[in-house]
Amino acid sequence: MSTHDNHNSDARPGPDRLGTLRRLRHDMVREQIIARGITNARVVRAMARLPRELFLSEALMNQAYSDGALPSMDGQTISQPYIVALMTDRLNLEASHRVLEIGTGTGYQTALLAMLAKKVCTIECHAGLAAQARSRLERLNLKNVEYHVGDGALGWPNGGPFDRIIVSAATERPAAPWLSQLRAGGILVAPIGRAGDIQTLTLFRRGGFGVTSYPIIQCRFVPLV
Ligand code: SAH
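What counts, and at which threshold
Each chain has its residues counted from 1, following the order in which its sequence is written. For a predicted model such as this one, the threshold for reporting local features is a pLDDT of at least 70, and the threshold for listing and counting side-chain atom pairs is 80 or more; totals across whole chains, interfaces and linings nevertheless cover every residue. Processing note: side-chain calculations cover all non-hydrogen atoms of the structure and skip hydrogens and water entirely. pLDDT expresses, on a scale from 0 to 100, how confident the predictor is about each individual residue. Here, residues are in contact when the closest pair of their heavy atoms is within 4.5 Å. Using protein atoms alone on a 1 Å grid, points that fit a 1.4 Å probe yet trap it form a cavity, whereas open point sets bounded by protein on both sides within 12 Å along at least five of seven lines form a pocket; residues with an atom within 4 Å of a point count as lining. Grid points are joined across faces, edges and corners, and a volume is the space filled by probe spheres set on the points. Runs of H or I in DSSP of at least four residues are treated as helices and runs of E of at least two as strands, each being numbered from the N terminus. Every helix has an expected span of 1.5 Å times one less than the residues it contains. Three labels apply to residues, based on accessible area from a 1.4 Å probe with only protein chains included: buried if under 20% of the type maximum, exposed if over 50%, partly exposed otherwise in between. In this description, a disulfide is simply a cysteine sulfur pair whose atoms lie within 2.5 Å. What counts as a salt bridge is simple: a side-chain nitrogen of Lys or Arg found within 4 Å of a carboxyl oxygen of Asp or Glu.

Draft legend 1. Expanded view of the confidence of the model for the protein. Of all residues in the protein, 96% have pLDDT values of 70 or greater, and the mean over the chain is 93. Here residues 2-8 is a poorly scored stretch, pLDDT under 50, and it has 15 contacts once near neighbours within four places are set aside; other chains count.

Structure, rendered in structure tokens:
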């Protein structure tokens, strides 16, 4: 992954700022991720490598490692680092996995998935966000991602199956196409609940006897539209 080339209009931090941001990133991983119980070495290593500032506007870069969600384009948000790490941890990703992501957003979560899985198929309904995420990931040299602009509730256009599915927008229940595109034994992680409310981040496992759900933590996501 290269983070120092400069052929895109997004602002890039200078060398002094890069050093500061790297220190803040390592502090974030220690204090917000490991100290809260996420110890999966692949997840921790990827969080420590991925520059979150590259997914933010220039004005917000100094807050890249603050402990919360931040605004992105179109009134959307980039998720809190801890929630991104937690969702990724619960997916229990293997290097061979094909992953479906609903709600590309800034592409921060997408990049993390691309670092840990074989293939990521990601759906975003805002064309502008999807295009920006794609150029950011290309700049990070993450090539194992396919992008689709459309309604994620319809699932991936060319079908599954996927080993893992991650949903980054609140929904009252998993959409039927997600469960039908999830392979047997597969895991889906999604914030379940009403928009505007607190939701419950929930893990669904598709087993031989149907789908079982396990609550993980309370959370607050923007709605699936
Ligand atoms: N993990 C992302 C956060 C994404 S916010 C990040 O850290 O950047 C949720 C995203 O889901 C938003 O970008 C929103 O536009 C998108 N979204 C909402 N409803 C959608 C739908 N039906 N299909 C596809 N994307 C959707």
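Draft legend 2. Structural detail: the layout of surface pockets. The computed volume of the largest pocket comes to approximately 530 Å³. Around the largest pocket sit 36 residues that line it, and Thr-77, Gly-103, Ser-168, Ala-169 and Val-222 are the ones nearest its centre. Secondary structure elements with two or more residues in the lining of the largest pocket: β2 (77-78), α3 (81-91), β3 (98-102), α4 (108-116) and β4 (119-124).

Draft legend 3. A look at helix α1 (residues 15-34). Along its 20 residues, α1 runs 27 Å from first to last C-alpha, staying within 8% of the 28 Å computed at 1.5 Å per residue. Of all the positions in α1, only Leu-18, Gly-19, Leu-21, Arg-25, Met-28, Val-29, Gln-32 and Ile-33 are classed as buried. Buried residues in α1 make contact with α2 (41-49), α3 and α4.

Draft legend 4. The arrangement of unusual backbone geometry in detail. With an omega dihedral of 0°, the bond running from Gly-160 to Pro-161 counts as a cis peptide bond. Tracing the chain through its elements places Pro-161 in the loop between β5 (145-149) and β6 (162-167). Residue Asn-92 is not a glycine yet carries a positive backbone phi of 50°. In this structure, Asn-141 takes a positive phi of about 65° despite not being glycine. Mapping Asn-141 onto the fold places it in the loop between α5 (127-139) and β5.

Draft legend 5. Main features of the state of the cysteines. Taken as a whole and judged by the stated rule, the model has 0 disulfides. Cysteine Cys-125 shares no disulfide, and the gap to the nearest cysteine sulfur, in Cys-121, comes to 17 Å. Residue Cys-125 is classed as partly exposed on the basis of its relative accessible area of 42%. Cysteine Cys-219 remains unbridged, with the sulfur of Cys-125 as its closest cysteine sulfur at 18 Å. Taking relative accessible area as the criterion, Cys-219 reaches 7% and is therefore assigned buried.

Draft legend 6. Local environment of the pattern of salt bridges. By the definition in use, this model includes 9 salt bridges. Arg-183 is the partner of Asp-163 in a salt bridge, and the nearest nitrogen-oxygen pair spans 2.5 Å. With Asp-163 in strand β6 and Arg-183 in strand β7 (residues 182-192), the pair connects residues that are 20 residues apart, well separated along the chain. Note on Asp-163: relative accessible area 14%, which makes it buried. Relative accessible area serves as the criterion here: at 30%, Arg-183 is assigned to the partly exposed category.

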